[in-house]
Amino acid sequence: MRLRDTLAGVHALPATALLALGLAVGAAAGPAAAQQPAAPQPSAPAAPRAAGPAAGAPAVIPGTEAMAPHRAAYRLRLDRVRQGSDVVQAEGAMLFEVLDACDGWATRQRLQLTVLNRAGDQVETSSDYSTWESKDGRRLRFSLTQTAQGAVTQRISGEAELAGAEPGSEGGTVRYEQPSAQQMTLPRGTLLPMMHTIRALALAKAGQQRMLNAPLFDGTSEDGAQDSTTLLSPWSEPQAQPRFPLLGGQASARMRIAFFGKESAAAAGASAPEYEVGLRYFANGVADEMKMDFGDFAVDGLMQSLEAVPAAC
């Protein structure tokens, strides 16, 4: 298998649900001098805020008030490779920001990942992903730029809106601006990223349900919503000595989120996900100890820094 084919399934971790997004590699990798990406610095520019509703603030979903605006930097390192995989090394870094934009949440995630194969070929990929999600969980503005070997391979942008009074109660519509203007229907039960995080945390805290199944739309694909299954661990008490002040007094739960493509979902009896993300979520929406499993190989994400970001309102 060529390295570009392996990386066709590599995904970053977007928005507050830290879902995976595809880094489509547009060209085969050639030999290159090893150059590891520098860790993103917490002082990087804040996420741009997409325009919110023209007038009036949206209704706030319970649990929203617990989410903490923050900026976190992660170091990405190879955890394991599957037998027969061509991957021998993977290393990179990610900066994730979530800002309180008053009537919504503005997020930005920048990721760099360099993967090396047995032949010494190296592929360097990166993504820059920004969103604005209304606090009623019904509207999402999104913008994604992906690059491979320094060249832009994909741009996706647009806006999604869910129908119904409660997020996930009905379907909705997504209107893409890039790569081409098109409109797509979102299925009943679709959740947006921050709402998915809030709902998963609420279920974990209640302790009455260990699984959340829902189509999830984050704007990282041209194919609309993606089926997801989130397995929830028991709610854990706050750490006695947390690594970062923002985690002080915060209970947590471990989660594993599996994502299924349209083809695998349509196939009879298919149950293997396209990729999985494991992580620990704290009650304030901060995530650490994450693992991205792409099948052929898995990458650990270790939090290097974490700071609170004051709200703008």
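Quick caveat, the model's predicted, so the values are computed rather than measured. (Residues numbered from 1 in each chain as written. Predicted model: local features only at pLDDT ≥ 70, side-chain atom pairs only at ≥ 80, totals over all residues. Heavy atoms only, no water.)

1. A few points about the nonpolar core
Applied cut-off: Nine residue types can take part in a nonpolar core, namely buried Ala, Val, Leu, Ile, Met, Phe, Trp, Tyr and Cys, and a core is a set of them joined through side-chain atoms within 4.5 Å. The cut-offs for exposure are 20% and 50% of the maximum accessible area for each residue type, with area from a 1.4 Å probe on protein chains only; residues under the lower value are buried, those over the upper are exposed, and the others partly exposed. Helix and strand labels come from DSSP, where a helix needs a run of H or I of at least four residues and a strand needs a run of E of at least two; each type is numbered from the N terminus. Two residues form a contact once any of their heavy atoms are found within 4.5 Å.
Membership of the largest hydrophobic core comes to 41 residues, with the highest contact counts inside it found for Tyr74, Leu76, Leu279, Phe297, Val299, Met303 and Leu306. Only β3 (70–81), β4 (87–100), β5 (104–117), α2 (193–206), β13 (252–260), β14 (275–282), β15 (287–293) and β16 (297–308) provide two or more residues apiece to this core. In terms of residues, this core owes the most to one element, α2, which gives six residues. Residue contacts for Val299: discarding those within four places in its chain leaves Leu76, Arg77, Asp79, Ala90, Met290, Lys291, Met292 and Phe294.

2. Regarding the environment of Asn213
One can find Asn213 in strand β11 (residues 211–216). The spatial distance from the C-alpha of Asn213 to the C-alpha of Leu231 is 8.9 Å, given a sequence separation of 18 residues. Non-local contacts of Asn213, meaning those with residues more than four positions away in its chain, are made with Ser228 and Thr229.

3. Focus on the pairing of strand β10 (residues 182–186)
Keep this limit in mind: Note on pairing: DSSP must find at least two bridges between two strands before they are called paired.
For strand β9 (residues 172–178) and β10, the ladder comprises five bridges, and the chain directions are antiparallel. Residue pairing for β10: Gly172 is matched across the bridge by Leu186. Taken together, β9 and the strand that follows it, β10, pair antiparallel across an intervening segment of three residues.

4. Some words on the packing of aromatic side chains
Selection rule: Centres within 6.5 Å are what make two rings of Phe, Tyr or Trp a pair, Trp counting through its six-membered ring; a difference in plane orientation under 30 degrees is then read as stacked, over 60 as edge-to-face, and the rest as tilted. Should the NZ of a Lys or the CZ of an Arg lie within 6 Å of a ring centre and within 35 degrees of the ring normal, that charge is described as sitting over the ring.
Summed over the entire model, instances satisfying the criterion amount to five aromatic pairs. Relative to Phe217, the ring of Phe142 lies with its centre 5.4 Å away and its plane at 75°, an arrangement referred to as edge-to-face. One end of the pair, Phe142, is in strand β7 (residues 139–148); the other, Phe217, is in the loop between β11 and β12 (226–232), and 75 residues separate them in sequence. No difference in accessibility class separates Phe142 from Phe217, as the two residues are buried. Put simply, the rings of Phe142, Tyr176 and Phe217 pair up and form one aromatic cluster. In this arrangement the basic side chain of Lys135 is found over the ring face of Trp105, its NZ or CZ atom lying 4.9 Å from the centre.

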